[in-house]
Amino acid sequence: MAAYVKSGVALSWLAAVALMTGCGKTEQPPAPEPAPAPASVAAPPPKPQEPLPARQPGLWETTLSEEGSESQAQTMRICLDAATEKELGITGTDLNGNRCRYTTVSHLDDGSWGILAECNMGSGGKMEVSGSITGDYTRDYTMTLRSQTTGAALAHMNRVVNMTIKSKRLSPCKADQKPGDVTLPGGDVSFNLFDMAGREPGKPK
């Protein structure tokens, strides 16, 4: 009988300890659900391509400087009309318009233009051009270009060139000037781009 009582007391004590232990535990709150992933932000659509406006006909002065070159900046004046304008290359100083094509021309929000172009210069290699234009392209602007030439027959022509071109319209062409006429500083040297190329304006070489 005594043993039974002792066993009952022991069981009651164990039950009380178990109950007290359970009551002393802090119930853990449920784990928070993971935050939903932020909605993906759609990339803004690319700026639509837009052709460069035509430069105004008249007498233009262009200065070209090459980064890292020991040579002084080159300045020339050229008489432009609408037909000559279409045939000029990217720098506005040669007749490479038929060799170069713009792959991207974008009018940016700040008013500048971004350009990418490729030029097939024949034995002169392939030229990839990138850059920007600030100012009013029709009458006064600055162009910053990076060109990389590969595949040229002459090894020294395969290089990267960074250049700045400043160009502005000065006035109408002089009475004795014709489209394509070029005058170098001092006025002692002058020639016509089309005569030098052996062809007439509007006709391919």
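Residues numbered from 1 in each chain as written. Predicted model: local features only at pLDDT ≥ 70, side-chain atom pairs only at ≥ 80, totals over all residues. Heavy atoms only, no water.

Engineer: How should the nonpolar core be read in this particular structure?
Structural biologist: Grouped burial of nonpolar side chains is what soluble globular proteins tend to show. Core analysis: the biggest nonpolar cluster contains 28 residues, and Ile78, Ile90, Ile133, Met143 and Leu145 have the highest contact counts within it. Elements supplying a minimum of two residues to this core: β1 (58-66), β2 (74-80), β3 (100-107), β4 (113-120), β5 (126-136), β6 (140-150), β7 (160-171) and α3 (193-197). No other element matches the four residues that β4 contributes to this core. If sequence neighbours within four positions are ignored, Ile78 has contacts with Gly58, Leu59, Trp60, Leu88, Gly92, Gly180, Asp181, Val182 and Leu193. (Core = buried A, V, L, I, M, F, W, Y, C linked by side-chain atoms within 4.5 Å. Buried < 20%, exposed > 50% of the residue type's maximum accessible area, 1.4 Å probe, protein only. Helix = DSSP H or I, 4+ residues; strand = E, 2+ residues; numbered from the N terminus. Contact = heavy atoms within 4.5 Å.)

Engineer: How do you make sense of the state of the cysteines when you look at a structure like this?
Structural biologist: Two cysteines, two sulfur atoms, one covalent bond between them: this is a disulfide. Scanning the entire structure with this criterion turns up two disulfides. Each sulfur of the disulfide joining Cys100 and Cys119 lies 2.2 Å from the other. As the torsion about the S-S bond is roughly 115°, the Cys100-Cys119 disulfide counts as right-handed. You can see Cys100 sitting in strand β3 and its partner Cys119 sitting in strand β4, a full 19 residues away along the chain. For Cys119, a relative accessible area of 3% corresponds to the buried category. Counting its disulfide-bonded cysteines in sequence order, the chain shows a connectivity of 1-4, 2-3. (Disulfide = S-S within 2.5 Å.)

Engineer: Just to check I follow, could you spell out the pairing of β7 for this structure?
Structural biologist: Each regular strand shows side chains that alternate between the opposite faces of the sheet. Two elements, β1 and β7, share eight bridges in a ladder whose sense is antiparallel. Looking across to β7, one finds that Glu66 is bridged to Met163. When β6 meets β7, the two strands line up antiparallel, connected through nine bridges. Across the sheet, Thr142 pairs through a bridge with Lys166, a residue of β7. (Pairing = 2+ DSSP bridges.)

Engineer: Help me out: how do you make sense of the packing of aromatic side chains in this one?
Structural biologist: Aromatic rings considered in pairs are described by the distance between their centres and by the relative angle of their planes. Considering all chains together, one arrives at two aromatic pairs under this definition. With 6.1 Å between their ring centres and 50° between their planes, Trp60 and Tyr141 make a pair best called tilted. Of the two residues, Trp60 sits in strand β1 while Tyr141 sits in strand β6, which places them 81 residues apart along the sequence. In this structure, Trp60 and Tyr141 share a single accessibility class: buried. A centroid spacing of 4.6 Å and a plane angle of 40° characterise the contact between Tyr137 and Tyr141, whose relative ring orientation is tilted. Of the two residues examined, Tyr137 and Tyr141, each falls in the buried class. Counting every residue linked through ring pairs, the aromatic cluster contains Trp60, Tyr137 and Tyr141. (Phe/Tyr/Trp six-rings, centres within 6.5 Å; stacked < 30°, edge-to-face > 60°.)

Engineer: What should I look at first to understand the side chain of Gln177 in this one?
Structural biologist: Tracing the chain through its elements places Gln177 in the loop between β7 and β8 (181-183). Here Lys174 takes part through its backbone nitrogen, which lies 2.9 Å from a polar atom of the side chain of Gln177. Excluding its chain neighbours within four sequence positions, the residues that come into contact with Gln177 are Leu59, Cys79 and Thr183. (Polar contact = N/O pair within 3.5 Å; in protein donor to acceptor, adjacent residues only side chain to side chain.)

Engineer: Sorry, what's going on with the environment of Glu118 here?
Structural biologist: Structurally, Glu118 can be placed in strand β4. Classification of Glu118 by relative accessible area gives partly exposed; the value is 27%. As for Glu118 and Gln148, which are separated by 30 residues in sequence, their C-alpha atoms are 9.8 Å apart. When residues no more than four places from it in sequence are discounted, the contact partners of Glu118 are Arg99, Cys100, Arg101, Thr103, Lys126 and Met127.

Engineer: I tried to follow the confidence of the model for the chain on my own but got confused; where do I start?
Structural biologist: Do not read the fine detail of predicted coordinates wherever pLDDT is low. On average, residues of the chain carry a pLDDT of 81, and 75% of them reach 70 or more. Across residues 1-26 the pLDDT falls below 50, and counting only partners more than four positions away or on other chains, this stretch makes zero contacts in the model. (pLDDT = per-residue confidence, 0-100.)

Engineer: Honestly, the pattern of salt bridges in this entry has me stumped. Any pointers?
Structural biologist: Side chains that differ in charge, positive against negative, can pair when their charged atoms come close. With the rule as written, the count across this model stands at seven salt bridges. When the shortest N-O distance is used, the salt bridge between Arg77 and Glu61 registers 2.9 Å. With a gap of 16 residues between them, Arg77 in strand β2 and Glu61 in strand β1 connect regions that are remote in the sequence. By relative accessible area, which is 36% here, Arg77 ends up partly exposed. Taking the shortest distance from any N to any O, the salt bridge between Glu128 and Lys126 comes out at 3.8 Å. Judged by relative accessible area, which is 40%, Glu128 ranks as partly exposed. Using a relative accessible area of 38% as the deciding quantity, one classes Lys126 as partly exposed. (Salt bridge = Lys/Arg side-chain N within 4 Å of Asp/Glu carboxyl O.)

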